[in-house]
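Okay, here's what each chain looks like letter by letter:
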Amino acid sequence: MILTNANVATMQEGSYGLIEAGAVVIEGDRIAWVGPTAALPPSHDQRIDCGGRLVTPGLIDCHTHVVHAGNRAREFEMRLTGASYEEIARAGGGIVATVRATRAASEEALLAQSLPRVDQMLAEGVTRIEVKSGYGLDQETELQMLRAARRIATLRPVRVSTTFLGAHAVPPDQTADTYIDQEVLPTLRQAAAEGLTDAVDGFCEGIAFSPAQIARVFAEAKALGLPVKLHAEQLSNLHGATLAALHGALSADHLEYLDEDGVRAMAGAGTVAVILPGAFYMLRETQAPPIALLRQYGVKMAVATDCNPGTAPMTSLPLAMNMACTLFRMTPEETLLGATAHAATALGLTEEGRIAPGCRADLVIWQAHHPAELSARIGATPIHSRIFGGQIDA
Ligand code: DI6
Ligand code: FE
(Lines give C-alpha, C1' and ligand atoms only; values in the text may rest on other atoms or scores of the structure.)
(Ligands and ions follow the chains in the order given, each with its own letter.)
Protein backbone atom coordinates (compact mmCIF):
# COMPACT_ATOMS: atom_id res chain seq x y z
CA MET A 1 0.00 0.00 0.00
CA ILE A 2 1.24 3.49 -0.82
CA LEU A 3 -0.12 6.72 0.64
CA THR A 4 0.53 9.64 -1.67
CA ASN A 5 -0.03 13.39 -1.60
CA ALA A 6 0.01 13.53 2.19
CA ASN A 7 1.36 16.06 4.66
CA VAL A 8 3.46 13.53 6.54
CA ALA A 9 4.45 14.37 10.13
CA THR A 10 7.18 11.76 10.57
CA MET A 11 7.94 12.87 14.17
CA GLN A 12 11.61 12.19 13.52
CA GLU A 13 14.44 13.78 15.50
CA GLY A 14 12.37 15.63 18.03
CA SER A 15 10.27 17.63 15.59
CA TYR A 16 7.25 17.33 13.30
CA GLY A 17 9.67 16.16 10.60
CA LEU A 18 7.07 17.38 8.11
CA ILE A 19 7.20 16.19 4.50
CA GLU A 20 4.78 18.14 2.33
CA ALA A 21 3.27 16.29 -0.64
CA GLY A 22 4.76 13.20 0.93
CA ALA A 23 4.32 9.50 0.39
CA VAL A 24 4.50 6.48 2.70
CA VAL A 25 5.16 3.00 1.35
CA ILE A 26 3.81 0.18 3.52
CA GLU A 27 4.91 -3.42 3.11
CA GLY A 28 2.96 -5.87 5.23
CA ASP A 29 2.67 -4.37 8.69
CA ARG A 30 5.76 -2.18 8.37
CA ILE A 31 6.71 1.15 6.88
CA ALA A 32 9.14 0.55 4.02
CA TRP A 33 9.77 4.07 2.76
CA VAL A 34 8.79 7.68 3.41
CA GLY A 35 9.66 10.74 1.33
CA PRO A 36 8.31 13.20 -1.22
CA THR A 37 5.66 11.80 -3.57
CA ALA A 38 7.75 13.13 -6.47
CA ALA A 39 10.60 10.81 -5.46
CA LEU A 40 8.45 7.67 -5.28
CA PRO A 41 9.80 4.82 -7.32
CA PRO A 42 7.20 3.70 -9.92
CA SER A 43 5.17 0.67 -8.85
CA HIS A 44 1.82 -0.99 -9.26
CA ASP A 45 0.91 -1.16 -5.57
CA GLN A 46 -2.42 0.07 -4.31
CA ARG A 47 -2.19 3.86 -4.09
CA ILE A 48 -4.26 5.98 -1.76
CA ASP A 49 -4.33 9.68 -2.59
CA CYS A 50 -4.55 11.51 0.73
CA GLY A 51 -5.59 14.77 -0.93
CA GLY A 52 -3.07 16.82 1.02
CA ARG A 53 -4.33 15.55 4.37
CA LEU A 54 -2.11 15.25 7.41
CA VAL A 55 -0.70 11.77 8.14
CA THR A 56 0.84 11.06 11.55
CA PRO A 57 1.96 8.00 13.44
CA GLY A 58 -0.92 6.41 15.35
CA LEU A 59 -1.30 8.16 18.69
CA ILE A 60 -0.02 6.42 21.82
CA ASP A 61 -1.80 7.01 25.13
CA CYS A 62 1.05 6.04 27.45
CA HIS A 63 -0.69 6.45 30.84
CA THR A 64 -4.22 5.16 31.39
CA HIS A 65 -6.31 3.42 33.99
CA VAL A 66 -8.93 2.65 31.35
CA VAL A 67 -9.79 -0.77 32.84
CA HIS A 68 -11.96 -0.13 35.90
CA ALA A 69 -15.55 -0.48 37.06
CA GLY A 70 -18.00 2.16 38.22
CA ASN A 71 -17.70 5.92 38.15
CA ARG A 72 -17.14 8.65 40.71
CA ALA A 73 -19.28 11.47 39.42
CA ARG A 74 -20.66 11.90 42.94
CA GLU A 75 -17.16 12.71 44.26
CA PHE A 76 -16.78 15.31 41.56
CA GLU A 77 -19.91 16.88 42.92
CA MET A 78 -18.53 16.73 46.50
CA ARG A 79 -15.29 18.39 45.46
CA LEU A 80 -17.30 21.19 43.90
CA THR A 81 -18.96 21.81 47.24
CA GLY A 82 -15.66 22.03 49.11
CA ALA A 83 -14.15 18.59 49.87
CA SER A 84 -10.57 18.02 48.67
CA TYR A 85 -9.31 14.96 46.76
CA GLU A 86 -7.21 13.97 49.79
CA GLU A 87 -10.13 14.36 52.23
CA ILE A 88 -12.33 12.17 50.06
CA ALA A 89 -9.55 9.57 49.81
CA ARG A 90 -9.01 9.52 53.57
CA ALA A 91 -12.78 9.08 54.10
CA GLY A 92 -12.84 5.85 52.08
CA GLY A 93 -13.72 7.38 48.75
CA GLY A 94 -11.34 8.04 45.92
CA ILE A 95 -9.30 5.15 44.61
CA VAL A 96 -10.74 2.81 47.25
CA ALA A 97 -14.29 3.42 45.98
CA THR A 98 -13.24 2.24 42.53
CA VAL A 99 -11.53 -0.74 44.15
CA ARG A 100 -14.86 -1.84 45.64
CA ALA A 101 -16.58 -1.61 42.25
CA THR A 102 -13.72 -3.33 40.42
CA ARG A 103 -13.53 -6.22 42.90
CA ALA A 104 -17.27 -6.75 42.50
CA ALA A 105 -17.04 -6.97 38.69
CA SER A 106 -16.33 -10.17 36.74
CA GLU A 107 -13.66 -10.07 34.04
CA GLU A 108 -16.44 -9.89 31.44
CA ALA A 109 -18.15 -7.02 33.26
CA LEU A 110 -14.83 -5.18 33.58
CA LEU A 111 -14.25 -5.52 29.86
CA ALA A 112 -17.82 -4.54 29.02
CA GLN A 113 -17.38 -1.32 31.00
CA SER A 114 -13.91 -0.58 29.67
CA LEU A 115 -14.30 -1.25 25.94
CA PRO A 116 -16.55 1.78 25.26
CA ARG A 117 -13.80 3.97 26.68
CA VAL A 118 -11.22 2.22 24.48
CA ASP A 119 -13.48 2.77 21.47
CA GLN A 120 -13.59 6.48 22.21
CA MET A 121 -9.78 6.54 22.29
CA LEU A 122 -9.49 4.70 18.98
CA ALA A 123 -12.00 7.04 17.34
CA GLU A 124 -9.55 9.87 18.04
CA GLY A 125 -6.55 8.25 16.42
CA VAL A 126 -5.01 6.08 19.14
CA THR A 127 -3.27 2.84 18.08
CA ARG A 128 -1.61 1.90 21.38
CA ILE A 129 -2.72 2.31 24.96
CA GLU A 130 -0.93 1.60 28.19
CA VAL A 131 -3.26 0.10 30.81
CA LYS A 132 -2.51 -0.05 34.52
CA SER A 133 -3.86 -2.32 37.21
CA GLY A 134 -4.26 -0.75 40.65
CA TYR A 135 -7.97 -0.93 41.36
CA GLY A 136 -7.86 -4.48 42.71
CA LEU A 137 -5.33 -4.19 45.52
CA ASP A 138 -5.61 -7.94 46.00
CA GLN A 139 -3.96 -10.64 43.94
CA GLU A 140 -7.08 -11.98 42.27
CA THR A 141 -8.43 -8.62 41.11
CA GLU A 142 -5.07 -7.14 40.13
CA LEU A 143 -4.38 -10.13 37.88
CA GLN A 144 -7.92 -9.98 36.51
CA MET A 145 -7.41 -6.33 35.54
CA LEU A 146 -4.22 -7.23 33.69
CA ARG A 147 -5.92 -10.12 31.91
CA ALA A 148 -8.77 -7.84 30.87
CA ALA A 149 -6.21 -5.33 29.60
CA ARG A 150 -4.44 -7.99 27.53
CA ARG A 151 -7.78 -9.13 26.07
CA ILE A 152 -8.50 -5.62 24.75
CA ALA A 153 -5.81 -6.18 22.13
CA THR A 154 -7.63 -9.31 20.92
CA LEU A 155 -10.99 -7.52 20.68
CA ARG A 156 -10.04 -4.20 19.14
CA PRO A 157 -7.46 -2.93 16.59
CA VAL A 158 -5.14 -1.54 19.25
CA ARG A 159 -1.86 -2.54 20.88
CA VAL A 160 -1.79 -2.73 24.65
CA SER A 161 1.08 -2.25 27.07
CA THR A 162 0.22 -3.44 30.57
CA THR A 163 1.59 -2.02 33.81
CA PHE A 164 1.29 -3.52 37.28
CA LEU A 165 0.24 -0.77 39.70
CA GLY A 166 -0.37 -2.77 42.87
CA ALA A 167 1.22 0.08 44.83
CA HIS A 168 -1.56 2.50 43.90
CA ALA A 169 -3.36 2.83 47.23
CA VAL A 170 -3.29 1.22 50.65
CA PRO A 171 -6.33 -1.03 51.23
CA PRO A 172 -8.37 0.33 54.16
CA ASP A 173 -7.76 -2.67 56.41
CA GLN A 174 -3.96 -2.83 56.01
CA THR A 175 -0.81 -0.84 56.62
CA ALA A 176 1.29 0.17 53.64
CA ASP A 177 4.22 -2.06 54.62
CA THR A 178 2.20 -5.21 55.22
CA TYR A 179 0.23 -4.58 52.04
CA ILE A 180 3.48 -4.38 50.05
CA ASP A 181 4.89 -7.54 51.65
CA GLN A 182 1.75 -9.63 51.59
CA GLU A 183 0.02 -8.53 48.37
CA VAL A 184 2.09 -6.28 46.10
CA LEU A 185 5.32 -8.27 45.90
CA PRO A 186 3.71 -11.75 45.60
CA THR A 187 1.20 -10.46 43.04
CA LEU A 188 3.98 -8.82 41.05
CA ARG A 189 5.86 -12.12 40.96
CA GLN A 190 2.73 -13.92 39.80
CA ALA A 191 1.94 -11.30 37.14
CA ALA A 192 5.49 -11.61 35.83
CA ALA A 193 5.32 -15.41 35.85
CA GLU A 194 2.12 -15.30 33.79
CA GLY A 195 3.54 -12.70 31.39
CA LEU A 196 0.74 -10.32 32.31
CA THR A 197 2.76 -7.17 32.87
CA ASP A 198 5.20 -5.17 30.75
CA ALA A 199 6.19 -2.66 33.45
CA VAL A 200 5.77 -1.77 37.13
CA ASP A 201 4.38 1.50 38.48
CA GLY A 202 3.61 2.99 41.90
CA PHE A 203 2.00 6.06 43.48
CA CYS A 204 4.58 7.90 45.56
CA GLU A 205 2.57 10.34 47.65
CA GLY A 206 1.57 11.16 51.24
CA ILE A 207 -1.81 9.47 50.71
CA ALA A 208 -0.18 6.41 49.12
CA PHE A 209 3.40 5.08 49.40
CA SER A 210 6.68 6.53 50.64
CA PRO A 211 9.85 6.53 48.54
CA ALA A 212 11.27 3.74 50.73
CA GLN A 213 8.19 1.60 50.10
CA ILE A 214 8.29 2.27 46.37
CA ALA A 215 11.99 1.38 46.34
CA ARG A 216 11.12 -2.10 47.62
CA VAL A 217 8.66 -2.58 44.75
CA PHE A 218 11.25 -1.34 42.26
CA ALA A 219 13.85 -3.76 43.62
CA GLU A 220 11.47 -6.65 42.97
CA ALA A 221 10.74 -5.33 39.46
CA LYS A 222 14.46 -5.25 38.77
CA ALA A 223 14.87 -8.80 40.00
CA LEU A 224 12.12 -9.83 37.58
CA GLY A 225 13.65 -7.86 34.71
CA LEU A 226 10.71 -5.47 34.40
CA PRO A 227 11.09 -1.72 33.70
CA VAL A 228 9.61 0.77 36.17
CA LYS A 229 7.72 4.07 36.08
CA LEU A 230 6.24 6.20 38.83
CA HIS A 231 3.35 8.54 39.68
CA ALA A 232 5.58 11.21 41.21
CA GLU A 233 5.24 14.75 42.56
CA GLN A 234 1.54 14.97 41.71
CA LEU A 235 0.26 16.51 44.95
CA SER A 236 3.51 17.18 46.83
CA ASN A 237 7.27 16.76 46.41
CA LEU A 238 8.55 13.49 47.93
CA HIS A 239 11.42 13.39 45.38
CA GLY A 240 9.81 10.42 43.67
CA ALA A 241 11.16 11.48 40.26
CA THR A 242 14.73 11.26 41.54
CA LEU A 243 14.00 7.84 43.01
CA ALA A 244 12.53 6.74 39.68
CA ALA A 245 15.53 8.08 37.76
CA LEU A 246 17.92 6.25 40.10
CA HIS A 247 16.10 3.06 39.13
CA GLY A 248 16.42 3.88 35.43
CA ALA A 249 12.67 4.42 35.12
CA LEU A 250 11.08 4.68 31.68
CA SER A 251 8.99 7.58 32.92
CA ALA A 252 7.95 9.71 35.87
CA ASP A 253 4.38 10.91 35.55
CA HIS A 254 2.33 13.97 36.69
CA LEU A 255 5.28 16.02 38.13
CA GLU A 256 3.44 19.20 39.15
CA TYR A 257 5.70 19.55 42.21
CA LEU A 258 8.93 18.42 40.48
CA ASP A 259 11.99 20.53 41.38
CA GLU A 260 15.20 21.21 39.48
CA ASP A 261 17.12 18.38 41.18
CA GLY A 262 14.43 15.99 40.01
CA VAL A 263 14.58 17.38 36.47
CA ARG A 264 18.37 16.94 36.46
CA ALA A 265 18.08 13.36 37.68
CA MET A 266 15.50 12.56 34.99
CA ALA A 267 17.69 14.09 32.30
CA GLY A 268 20.66 12.00 33.43
CA ALA A 269 18.66 8.77 33.34
CA GLY A 270 16.71 9.45 30.14
CA THR A 271 13.46 9.18 32.10
CA VAL A 272 10.50 10.59 30.13
CA ALA A 273 8.27 13.19 31.83
CA VAL A 274 4.66 12.12 31.25
CA ILE A 275 2.48 15.22 31.51
CA LEU A 276 -1.14 14.62 32.53
CA PRO A 277 -3.08 17.88 32.21
CA GLY A 278 -6.48 16.20 32.58
CA ALA A 279 -5.83 15.42 36.27
CA PHE A 280 -4.43 18.91 36.87
CA TYR A 281 -7.54 20.40 35.29
CA MET A 282 -10.00 18.14 37.09
CA LEU A 283 -8.41 18.80 40.51
CA ARG A 284 -8.11 22.51 39.71
CA GLU A 285 -4.45 22.35 40.68
CA THR A 286 -2.60 25.65 40.52
CA GLN A 287 1.02 24.51 40.36
CA ALA A 288 1.94 23.47 36.84
CA PRO A 289 4.76 21.02 36.08
CA PRO A 290 8.09 22.78 35.34
CA ILE A 291 7.83 22.58 31.56
CA ALA A 292 10.50 25.22 30.93
CA LEU A 293 13.02 23.35 33.10
CA LEU A 294 12.21 20.03 31.47
CA ARG A 295 12.76 21.69 28.10
CA GLN A 296 16.00 23.33 29.25
CA TYR A 297 17.44 20.01 30.47
CA GLY A 298 16.30 18.17 27.36
CA VAL A 299 13.97 15.79 29.18
CA LYS A 300 11.59 14.17 26.70
CA MET A 301 7.97 15.01 27.47
CA ALA A 302 4.98 12.78 26.74
CA VAL A 303 1.29 13.68 27.12
CA ALA A 304 -1.41 11.20 28.15
CA THR A 305 -5.01 11.15 29.30
CA ASP A 306 -4.50 9.39 32.68
CA CYS A 307 -8.02 8.06 31.86
CA ASN A 308 -9.34 7.16 35.33
CA PRO A 309 -12.65 7.49 37.16
CA GLY A 310 -11.42 10.01 39.74
CA THR A 311 -8.98 12.64 38.62
CA ALA A 312 -9.21 12.31 34.84
CA PRO A 313 -12.42 10.81 33.48
CA MET A 314 -11.22 11.56 29.96
CA THR A 315 -10.64 9.43 26.90
CA SER A 316 -9.55 12.11 24.43
CA LEU A 317 -5.81 12.25 23.87
CA PRO A 318 -6.13 15.24 21.49
CA LEU A 319 -7.98 17.08 24.26
CA ALA A 320 -5.11 16.28 26.65
CA MET A 321 -2.76 17.74 24.01
CA ASN A 322 -4.87 20.89 23.85
CA MET A 323 -4.84 21.16 27.65
CA ALA A 324 -1.05 20.70 27.77
CA CYS A 325 -0.75 23.69 25.44
CA THR A 326 -3.35 25.85 27.12
CA LEU A 327 -2.62 25.06 30.77
CA PHE A 328 1.13 24.37 30.63
CA ARG A 329 2.27 26.33 27.55
CA MET A 330 3.65 23.28 25.80
CA THR A 331 3.81 23.80 22.04
CA PRO A 332 1.63 21.80 19.62
CA GLU A 333 4.84 20.22 18.30
CA GLU A 334 5.82 19.13 21.83
CA THR A 335 2.37 17.71 22.49
CA LEU A 336 2.29 15.72 19.24
CA LEU A 337 5.75 14.35 20.02
CA GLY A 338 4.31 13.63 23.46
CA ALA A 339 1.52 11.55 21.99
CA THR A 340 3.76 9.73 19.48
CA ALA A 341 7.55 9.39 19.58
CA HIS A 342 8.04 10.33 23.23
CA ALA A 343 5.05 8.28 24.36
CA ALA A 344 6.70 5.29 22.68
CA THR A 345 9.92 5.99 24.61
CA ALA A 346 7.91 6.20 27.84
CA LEU A 347 6.76 2.64 27.13
CA GLY A 348 10.19 1.38 26.09
CA LEU A 349 9.12 0.99 22.44
CA THR A 350 11.39 1.78 19.50
CA GLU A 351 9.25 0.74 16.51
CA GLU A 352 6.23 2.99 17.07
CA GLY A 353 5.47 6.67 17.33
CA ARG A 354 7.46 7.66 14.23
CA ILE A 355 7.04 7.27 10.49
CA ALA A 356 10.32 5.71 9.42
CA PRO A 357 11.40 2.57 7.58
CA GLY A 358 11.05 -0.46 9.83
CA CYS A 359 8.46 1.10 12.14
CA ARG A 360 5.02 -0.45 12.50
CA ALA A 361 2.51 0.76 9.93
CA ASP A 362 0.14 2.22 12.53
CA LEU A 363 -0.92 5.56 11.08
CA VAL A 364 -3.70 8.12 11.13
CA ILE A 365 -4.96 10.12 8.17
CA TRP A 366 -6.58 13.25 9.61
CA GLN A 367 -9.20 15.66 8.35
CA ALA A 368 -6.57 18.30 8.84
CA HIS A 369 -3.59 19.68 6.98
CA HIS A 370 -1.16 20.97 9.58
CA PRO A 371 -0.21 19.06 12.75
CA ALA A 372 -0.89 22.10 14.96
CA GLU A 373 -4.59 21.56 14.19
CA LEU A 374 -4.58 18.49 16.42
CA SER A 375 -3.74 20.54 19.52
CA ALA A 376 -5.69 23.63 18.52
CA ARG A 377 -9.12 22.03 18.48
CA ILE A 378 -11.25 21.45 21.56
CA GLY A 379 -13.50 18.43 21.70
CA ALA A 380 -13.80 17.37 18.08
CA THR A 381 -10.96 15.46 16.55
CA PRO A 382 -11.08 15.26 12.80
CA ILE A 383 -9.92 11.76 11.91
CA HIS A 384 -10.28 10.61 8.31
CA SER A 385 -9.07 7.03 8.67
CA ARG A 386 -6.78 4.84 10.66
CA ILE A 387 -4.21 2.33 9.41
CA PHE A 388 -3.41 -0.40 11.90
CA GLY A 389 -0.74 -3.00 11.17
CA GLY A 390 -0.76 -1.97 7.52
CA GLN A 391 -4.54 -2.34 7.15
CA ILE A 392 -7.08 0.47 6.79
CA ASP A 393 -9.63 -0.10 9.52
CA ALA A 394 -11.92 2.92 9.31
N1 DI6 B 1 -2.92 9.57 40.42
C2 DI6 B 1 -4.00 9.84 39.70
O3 DI6 B 1 -4.25 10.90 39.19
C4 DI6 B 1 -4.82 8.65 39.61
N5 DI6 B 1 -4.03 7.69 40.28
C6 DI6 B 1 -2.97 8.27 40.76
O7 DI6 B 1 -2.12 7.67 41.37
C8 DI6 B 1 -6.12 8.87 40.31
C9 DI6 B 1 -6.84 7.60 40.46
C10 DI6 B 1 -8.21 7.78 41.04
O11 DI6 B 1 -8.54 8.82 41.63
O12 DI6 B 1 -8.98 6.82 40.91
FE1 FE C 1 -2.42 7.71 36.79
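See the structure printed just above.
The structure contained in this document is the topic of the report that follows. A quick note: this is a predicted structure, and the numbers were derived from the prediction, not measured.

1. Some words on the overall build of the protein chain
For step 1, the next point in the chain: Scanning the protein chain from N- to C-terminus turns up 15 helices and 16 strands.
For step 2, the next point in the chain: Against the compact-globule benchmark of 21 Å for 394 residues, the protein chain has a radius of gyration of 20 Å, which places it among compact chains.
For step 3, the next point in the chain: Per-residue burial for the protein chain yields a buried fraction of 58% across its 394 residues.
For step 4, the next point in the chain: About 14500 Å² of surface is accessible on the protein chain, with carbon and sulfur atoms providing 52% of the total.

2. Re the site of ligand 1
For step 1, the next point in the chain: Near ligand 1 lie 14 residues; those nearest to it are Arg-72, Tyr-85, Tyr-135, His-168 and Thr-311.
For step 2, the next point in the chain: The side chain of Gln-234 places a nitrogen or oxygen atom 2.9 Å from a nitrogen atom of ligand 1.
For step 3, the next point in the chain: Considering ligand 1 on its own, with 320 Å² of exposed area, one finds that the protein chains cover 100% of that surface.
For step 4, the next point in the chain: Taken atom by atom, the bulk of ligand 1 overlaps the largest cavity.
For step 5, the next point in the chain: Split by residue class, the shell around ligand 1 holds 4 nonpolar, 8 polar and 2 charged.

3. Section: the pairing of strand β9 (residues 199-202)
For step 1, the next point in the chain: Going residue by residue along β9, you find Ala-199 and Asp-201 tucked away on one face and Val-200 and Gly-202 tucked away on the opposite face as well.
For step 2, the next point in the chain: Sheet topology places strand β8 (residues 159-167) next to β9; 3 bridges connect them, and they run parallel. Opposite Phe-164, over in β9, you have Val-200 as the bridge partner.
For step 3, the next point in the chain: Each parallel crossover has a hand, and the one from β8 via helix α6 (residues 176-193) to β9 is right-handed.

4. Here we look at the coordination of the iron ion (ligand 2)
For step 1, the next point in the chain: Protein coordination of the iron ion (ligand 2) is provided by His-63 (NE2), His-65 (NE2), His-231 (NE2) and Asp-306 (OD), with donor distances spanning 2.1 to 2.3 Å.
For step 2, the next point in the chain: Here the iron ion (ligand 2) binds 4 donor atoms, and the angle range of 80 to 164° at the metal identifies the geometry as irregular.
For step 3, the next point in the chain: When the donors of the iron ion (ligand 2) are listed by position in the chain, the intervening gaps give H-x1-H-x165-H-x74-D. Of this pair, His-65 sits in the loop between β6 (59-61) and α1 (73-80) while Asp-306 is found in the loop between β13 (301-303) and α12 (317-328), placing the two residues 241 residues apart along the sequence. Judged on exposure class, the residue His-65 and its partner Asp-306 are both buried.

5. Brief notes about the side chain of His-63
For step 1, the next point in the chain: By secondary structure assignment, the location of His-63 is in the loop between β6 and α1.
For step 2, the next point in the chain: A polar contact is formed between the side chain of His-63 and the side chain of Asp-306, at a distance of 2.8 Å.
For step 3, the next point in the chain: Contact partners of His-63, with chain neighbours within four places excluded, come to Glu-130, Lys-132, His-231, Asp-253, His-254, Val-274, Leu-276, Ala-304, Thr-305, Asp-306 and Cys-307.

6. Examining the pattern of salt bridges
It is possible for side chains of opposite charge to pair when their charged atoms get near one another.
For step 1, the next point in the chain: Throughout the structure, instances matching the rule amount to 23 salt bridges.
For step 2, the next point in the chain: Among the salt bridges present, the one from Lys-132 reaches Glu-130, with a minimum N-O distance of 2.7 Å. Grouping residues by exposure puts Lys-132 and Glu-130 together as buried.
For step 3, the next point in the chain: Taking the shortest distance from any N to any O, the salt bridge between Asp-261 and Arg-264 comes out at 2.9 Å. Of the two residues, Asp-261 and Arg-264 both sit in helix α9 (residues 260-269), 3 residues apart, roughly one turn of that helix.

Parameters and conventions
Residues numbered from 1 in each chain as written. Chains lettered and ligands numbered in written order. Predicted model: local features only at pLDDT ≥ 70, side-chain atom pairs only at ≥ 80, totals over all residues. Heavy atoms only, no water. Helix = DSSP H or I, 4+ residues; strand = E, 2+ residues; numbered from the N terminus. Rg over C-alpha atoms; globule rule 2.2 N^0.38 Å. Buried < 20%, exposed > 50% of the residue type's maximum accessible area, 1.4 Å probe, protein only. Areas by Shrake-Rupley, 256 points an atom, 1.4 Å probe, with all protein chains shown as cover. Near = heavy atom within 4 Å. Polar contact = N/O pair within 3.5 Å; in protein donor to acceptor, adjacent residues only side chain to side chain. 1 Å grid on protein atoms, 1.4 Å probe; cavity = no way out; pocket = protein on both sides within 12 Å on 5 of 7 lines; lining within 4 Å. Sits in = over half its atoms within 2 Å of the grid points. Nonpolar A, V, L, I, M, F, W, Y, C, P; charged D, E, K, R; others polar. Pairing = 2+ DSSP bridges. Right-handed = clockwise from strand over helix to strand, strands pointing away. Donors = N, O, S within 2.8 Å, 3.2 Å for Na, K, Ca; no water. Tetrahedral: all angles 85-135°; square planar, octahedral: opposite > 155°, others 65-115°. Contact = heavy atoms within 4.5 Å. Salt bridge = Lys/Arg side-chain N within 4 Å of Asp/Glu carboxyl O.

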